[in-house]
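As a plain string of letters, each chain reads:
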Amino acid sequence: MSLKLRKLSYALGAEVCDIDVAAPMSEVAFGEIYKAFLDHGILLFRDQDITREQHIEFSRRFGELDKHESLPQDRHPDHPELLLVTNEPNADGTPSNSRYTGRQWHSDMSFTPIPSLGSLLKSWTVPEVGGDTLFANMTMAYDTLSGGMKKLIADLHGIQLAGTRKINYAPTGVGRAEEQRKLNPPIAQPVVRVHPETGKKALYLGEKVKRFDGMTEAESLPLIQYLNAHATKPEFVYRQQWRKNDIVVWDNRCTMHQALGDFDETQRRHMERTTVLGTPSGYAVMGG
Ligand code: SIN
């Protein structure tokens, strides 16, 4: 098989054209997909009208899947491998806990000792317009820093906090953020991570980090904000405009992403994500 790829943006991403991810796929054919995943950071598969079981089965080709023990309230009731990101109300009419998931720059599971290798998000229902997701190329962000800045951040560790949100979003679910923080004590992750497969250095930060280990918030925040702003400049970013039945897989080790609230919230947006386990990284710290 020879993959038909179409670049999605200058910074990152490629669409894999004319493929059915649920069809039988040899190791060699999947190897081509995996190589494209490493080369492009994110891959888009359009028109994947597949079942949940097929979504899970394709995801397993990338590695062992997270059962989302660290985010128990957001799991699909019958498939712990699927994390819901939905504004579909609960059966009793109350708002969904996961309606604001991902509304800040982050890499999946950065707040755990085994941050994710990659995630595969499938769009089941999308609003008429918007509900987009931004992705940033963190290798490019690192490479374009000055030598002085690279030296300054080389040994820094950012403390990643679970259950954080932007202040303009209302709390979701009774005690949900508190539960997430209890299950996931603060973890210090290297600000510069070496990709275990490509060997390339990438920034590893995002908006779940409020301070560096060994420094105060006041000392850390200006540099954190500078690095996040640098990493998310338009030239390092791809904007995914979802259609129903898209699957996007991204590499959490060298990209970060943010779900935008750029849509009419009376319309439905229902997404389901598998999360591929990565390799151990970081160390536990007291207090966050
Ligand atoms: C996520 O952060 O995993 C969800 C992204 C999205 O819903 O667009």
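In the block above lies the structure referred to throughout.
Let me sum up the structure you'll find in this document. On a predicted model such as this, the values are computed, not experimentally measured, just so you know. (Residues numbered from 1 in each chain as written. Predicted model: local features only at pLDDT ≥ 70, side-chain atom pairs only at ≥ 80, totals over all residues. Heavy atoms only, no water.)

**Digging into helix α5 (residues 176-183)**
In an α-helix, one turn spans 3.6 residues; hence positions three or four apart end up facing the same way.
So, point 1. Taken residue by residue, α5 has Arg176, Ala177 and Gln180 as its buried positions. In a view along the axis of α5, the buried residues occupy a sector of 100°, so they form one face of it. (Buried < 20%, exposed > 50% of the residue type's maximum accessible area, 1.4 Å probe, protein only. Helix = DSSP H or I, 4+ residues; strand = E, 2+ residues; numbered from the N terminus. Arc of directions from axis to C-beta.)

**Some details on the sheet that holds strand β16 (residues 283-284)**
So, point 1. The strand order across the open sheet formed by 4 strands is β11-β7-β8-β16, and the pairing between neighbours is antiparallel. The outermost strands of the open sheet, each flanked by one partner alone, are β11 (209-212) and β16.
So, point 2. With 2 bridges connecting them, strand β7 (residues 157-160) and β11 associate as antiparallel partners. By the bridge assignment for β11, glycine 158 is matched with phenylalanine 212. (Pairing = 2+ DSSP bridges.)

**Some thoughts on empty space enclosed by the protein**
So, point 1. This structure, assessed with the given rule, holds 2 cavities of 30 Å³ or more.
So, point 2. Estimates place the volume of the second largest cavity at around 50 Å³.
So, point 3. Contributing to the lining of the second largest cavity are Val85, Thr86, Asn87, Ser98, Arg99, Thr101, Arg103, Ala259, Phe263 and Arg269. (1 Å grid on protein atoms, 1.4 Å probe; cavity = no way out; pocket = protein on both sides within 12 Å on 5 of 7 lines; lining within 4 Å. Points joined across faces, edges and corners; volume = space filled by probe spheres on them.)

**Thoughts on helix α1 (residues 27-40)**
So, point 1. Between its first and last C-alpha, α1 extends 20 Å over 14 residues, near the 20 Å set by a 1.5 Å rise per residue.
So, point 2. Each element contacted by the buried residues of α1 is listed here: β1 (4-7), β3 (42-45), α2 (52-60) and β13 (247-251).
So, point 3. Just downstream of α1, glycine 41 is the residue with a positive phi angle, here 80°. (Expected span 1.5 Å × (residues − 1). Contact = heavy atoms within 4.5 Å.)

**Digging into the site of the ligand**
So, point 1. Taken together, Val85, Gly102, His106, Asp108, Leu121, Thr133, Trp250, His257, Ala259, Arg269 and Arg273 make up all the residues around the ligand.
So, point 2. Note that an oxygen atom of the ligand is positioned 2.6 Å from one of the side-chain N or O atoms of threonine 133.
So, point 3. Within the side chain of histidine 257, a nitrogen or oxygen atom sits 3.0 Å from an oxygen atom of the ligand.
So, point 4. Looking at the shell around the ligand, its residues break down into 4 nonpolar, 4 polar and 3 charged. (Near = heavy atom within 4 Å. Polar contact = N/O pair within 3.5 Å; in protein donor to acceptor, adjacent residues only side chain to side chain. Nonpolar A, V, L, I, M, F, W, Y, C, P; charged D, E, K, R; others polar.)

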